[in-house]
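Chain by chain, the residues:
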Amino acid sequence: MILPGATLGMLGGGQLGRMFVTAAQTMGYKVIVLEPDANSPAGIIADQHICAKYTDETALAQLAELCDAVTTEFENIPATVLSYLEAKTVVHPSSQALSSTQNRLVEKAFIESLGISVAPYAAIRSMADIDAIADSFTFPAIIKAASFGYDGKGQAVCDTADDVRAAFAALNEVECVLEQRINLEREVSTVLARSQSGEVTNFPVSENVHVNGILHSTTVPSSVPEQQAQKAVEMADTIADGLGYVGTMAVEFFISKEGDILANEIAPRPHNSGHFTLDACETSQFEQQVRMLCGLPSGNCELTSPVVMINLLGDVWGSSQPHWDTLLSQPENKLHLYGKKEARPGRKMGHFNVLSDTVEQATKVALQTFEDLQAD
Ligand code: ATP
Ligand code: MG
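Residues numbered from 1 in each chain as written. Chains lettered and ligands numbered in written order. Predicted model: local features only at pLDDT ≥ 70, side-chain atom pairs only at ≥ 80, totals over all residues. Heavy atoms only, no water.

Here we look at empty space enclosed by the protein
Here's step 1: Summed over the entire model, instances satisfying the criterion amount to 2 cavities of 30 Å³ or more.
Here's step 2: Here the largest cavity is characterised by a volume of approximately 110 Å³.
Here's step 3: What lines the largest cavity is a set of 13 residues, and nearest its centre among them are Glu75, Thr101, Gln102, Gly149 and Glu265.
Here's step 4: At the level of secondary structure, the elements contributing two or more residues to the lining of the largest cavity comprise α5 (104–113) and β15 (261–267). (1 Å grid on protein atoms, 1.4 Å probe; cavity = no way out; pocket = protein on both sides within 12 Å on 5 of 7 lines; lining within 4 Å. Points joined across faces, edges and corners; volume = space filled by probe spheres on them. Helix = DSSP H or I, 4+ residues; strand = E, 2+ residues; numbered from the N terminus.)

What to know about the sheet that holds strand β9 (residues 176–180)
Here's step 1: Spatially, β6-β9-β7-β8 is the arrangement adopted by the 4 strands of the open sheet, whose pairing is antiparallel. Each edge of the sheet is formed by a strand with only one pairing partner; in this case those strands are β6 (121–124) and β8 (155–158). On average, adjacent strands in this sheet sit at an angle of 20 degrees to one another, irrespective of strand direction.
Here's step 2: Note: β6 against β9, 4 bridges, orientation antiparallel. Residue pairing across strands places Tyr121 opposite Glu179, the latter belonging to β9. (Pairing = 2+ DSSP bridges. Axes fitted to C-alpha atoms, helices over the stretch in contact; angles between N-to-C directions.)

Here we look at the coordination of the magnesium ion (ligand 2)
Here's step 1: Every protein donor of the magnesium ion (ligand 2) is listed here as Glu252 (OE), Glu252 (OE) and Glu265 (OE), and their distances to the metal cover 2.0 to 2.7 Å. Taken together, the positions of Glu252 in strand β14 (residues 247–256) and Glu265 in strand β15 put the pair 13 residues apart, joining distant regions of the chain. (Donors = N, O, S within 2.8 Å, 3.2 Å for Na, K, Ca; no water.)

Some remarks on the site of ligand 1
Here's step 1: Taken together, 20 residues lie near ligand 1, and Lys144, Gly152, Glu187, Glu252 and Glu265 sit nearest.
Here's step 2: Contact between ligand 1 and Glu187: an oxygen atom at 2.5 Å from a side-chain N or O atom of the residue.
Here's step 3: Contact distances for ligand 1 include 3.2 Å between an oxygen atom and a side-chain N or O atom of His210.
Here's step 4: For ligand 1, whose unbound accessible area comes to 610 Å², protein coverage reaches 91%.
Here's step 5: Elements represented by at least two residues in the shell around ligand 1 include exactly β7 (141–145), β9, β10 (184–194), β14 and β15.
Here's step 6: Class assignment of the residues belonging to the shell around ligand 1 gives a composition of 5 nonpolar, 6 polar and 9 charged. (Near = heavy atom within 4 Å. Polar contact = N/O pair within 3.5 Å; in protein donor to acceptor, adjacent residues only side chain to side chain. Areas by Shrake-Rupley, 256 points an atom, 1.4 Å probe, with all protein chains shown as cover. Nonpolar A, V, L, I, M, F, W, Y, C, P; charged D, E, K, R; others polar.)

Quick look at the nonpolar core
Here's step 1: Counting 25 residues, the largest nonpolar core has Ile111, Ile239, Leu243, Met249 and Phe253 as the members making the most contacts within it.
Here's step 2: For this core, the secondary-structure elements that each account for two or more residues are α5, β10, α8 (226–243), β14 and β15.
Here's step 3: The greatest single-element share of this core, amounting to 8 residues, is contributed by α8.
Here's step 4: Ranked by size, the runner-up nonpolar core spans 22 residues in total, among them Ala24, Tyr29, Val33 and Ala42. (Core = buried A, V, L, I, M, F, W, Y, C linked by side-chain atoms within 4.5 Å. Buried < 20%, exposed > 50% of the residue type's maximum accessible area, 1.4 Å probe, protein only.)

Things to note about the side chain of Asn76
Here's step 1: Residue position: Asn76 is located in the loop between β4 (69–72) and α3 (79–86).
Here's step 2: Accessibility expressed as a relative area gives 15% for Asn76, which makes it buried.

Topic: the domain arrangement of the protein
Here's step 1: Its domain assignment divides the protein into domain 1 (7–91), domain 2 (120–180) and domain 3 (184–373).
Here's step 2: Each of domain 1 and domain 3 has a C-alpha centre, and these two points are 23 Å apart.
Here's step 3: Taken together, the 21 residues of domain 1 in the interface contact 20 residues of domain 3.
Here's step 4: In total, about 1,700 Å² of surface goes out of reach between domain 1 and domain 3, with carbon and sulfur atoms giving 70% of it.
Here's step 5: Looking only at domain 1, the three residues that lose the most surface to domain 3 are Gln15, Leu16 and Met19, adding up to 31% of its buried area.
Here's step 6: Inspection of the region where domain 1 meets domain 3 yields 1 salt bridge.
Here's step 7: Between Arg269 and Glu75 there is a salt bridge whose closest N-O contact spans 2.6 Å.
Here's step 8: At the junction of domain 1 and domain 3, the tally comes to 4 residue pairs in polar contact (both at pLDDT 80 or more).
Here's step 9: For the side of domain 1 that touches domain 3, the secondary-structure elements that each account for two or more residues are β1 (7–11), α1 (15–26) and β4.
Here's step 10: Counting residues per element, the side of domain 1 that touches domain 3 draws most heavily on α1, at 7 residues.
Here's step 11: Among the residues forming the side of domain 1 that touches domain 3, the class breakdown is 14 nonpolar, 4 polar and 3 charged. (Domains from an automatic or database assignment. Contact = heavy atoms within 4.5 Å. Buried area = accessible area lost by both parts, 1.4 Å probe. Salt bridge = Lys/Arg side-chain N within 4 Å of Asp/Glu carboxyl O.)

Observations concerning the packing of aromatic side chains
Here's step 1: Enumeration over the complete set of coordinates arrives at 3 aromatic pairs.
Here's step 2: The positively charged end of Lys108 is found above the aromatic ring belonging to Tyr121, 5.7 Å away from the centroid. (Phe/Tyr/Trp six-rings, centres within 6.5 Å; stacked < 30°, edge-to-face > 60°. Lys NZ or Arg CZ within 6 Å of the ring centre and 35° of its normal.)

Re the pattern of salt bridges
Here's step 1: Across all of its chains, the model carries 12 salt bridges by this definition.
Here's step 2: Asp131 is the partner of Arg165 in a salt bridge, and the nearest nitrogen-oxygen pair spans 3.0 Å. Within this pair, whereas Arg165 is found in helix α7 (residues 161–170), its partner Asp131 is found in helix α6 (residues 127–133), the two being separated by 34 residues in sequence.
Here's step 3: On the basis of relative accessible area, Arg165 is assigned to the partly exposed category, the value being 24%.
Here's step 4: The partner of Arg186 in a salt bridge is Glu207, with the nearest N and O atoms 3.4 Å apart. Here Glu207 lies in strand β12 (residues 206–211) and Arg186 lies in strand β10, a separation of 21 residues in the sequence.

Right, here's the structure in full:
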């Protein structure tokens, strides 16, 4: 076990890194963040910030030298960076687990190899690939860049093969996946923690609403029938085992109108849909990340209250600050801001959790608060 007093390394300086830093520092660890941006959410609160590119070998060597263990908040860290660090210190998740989730095509093939279904898809690497599937593919569809996408970026909805051609060209013909657009009944996700000895602890399944491809709200308990929720948890655990994963991770699922449960994406890190755990679970997803990294036993993941989480994107700022007074004067509301200076549309600036005796009441307060925040 790596015990308090030790130093932990975090690759990436975003909000997920920041919430890891807070959890680790609360438990008595020191944290060093490696991040190229001089003013990042995690970097500004860390014990030390190494301001360098993720691929800077001198910086990586320094991080490995100073840290008892290193983790990441960002799946697009080159797997070679993690394998470099693995030779020098404790690293979780592994470079191999990360490399299975960085490319959508590799990820989907891996998920299918475990007997878990994904949305019907085709690999698009050339215009000829589009010609080949033009007659057989079921539209509407969504084309997604295979690598480096997040928050719906690098995606386009396509109703015809010609739409796919145009979108593929607009994406500079990078490797893509074309996914059948699923008729969604719901979206859910599951966050779990898996230890070095393979024990898995699951947080309760959350129900997610996305707006323009970006998570808007998470509700727990979800309205998903218990059997379906259980199935999603089993699938996520199978994926974690298959990856030999160590740490906190999440799996996003589509539930179709036909009742199919399809794995959408794996997040090899804590997940936005797990932010409810900060206020509504005995242990947060970030404390679990610290615990798994350090070889400590898992904390209790039980839900302590019905909860609705709402994301605060830069859009909510408009030309001024949101009305924090209205949010903070409601005792049910818990505000989390990430310390980002510039509020841009679509940029994740923070979130708030609403805790109530019932999901209905939490939903009501969440909707009202979100509206009041933006009122002129
Ligand atoms: P993030 O990493 O932030 O979750 P992303 O850019 O990786 O986002 P996806 O998870 O692939 O994007 O898609 C974002 C959202 O768009 C989904 O949660 C869903 O609401 C919608 N979406 C994506 N693909 C499909 C699909 N095949 N059918 C129906 N809806 C979809
Ligand atoms: Mg997603």
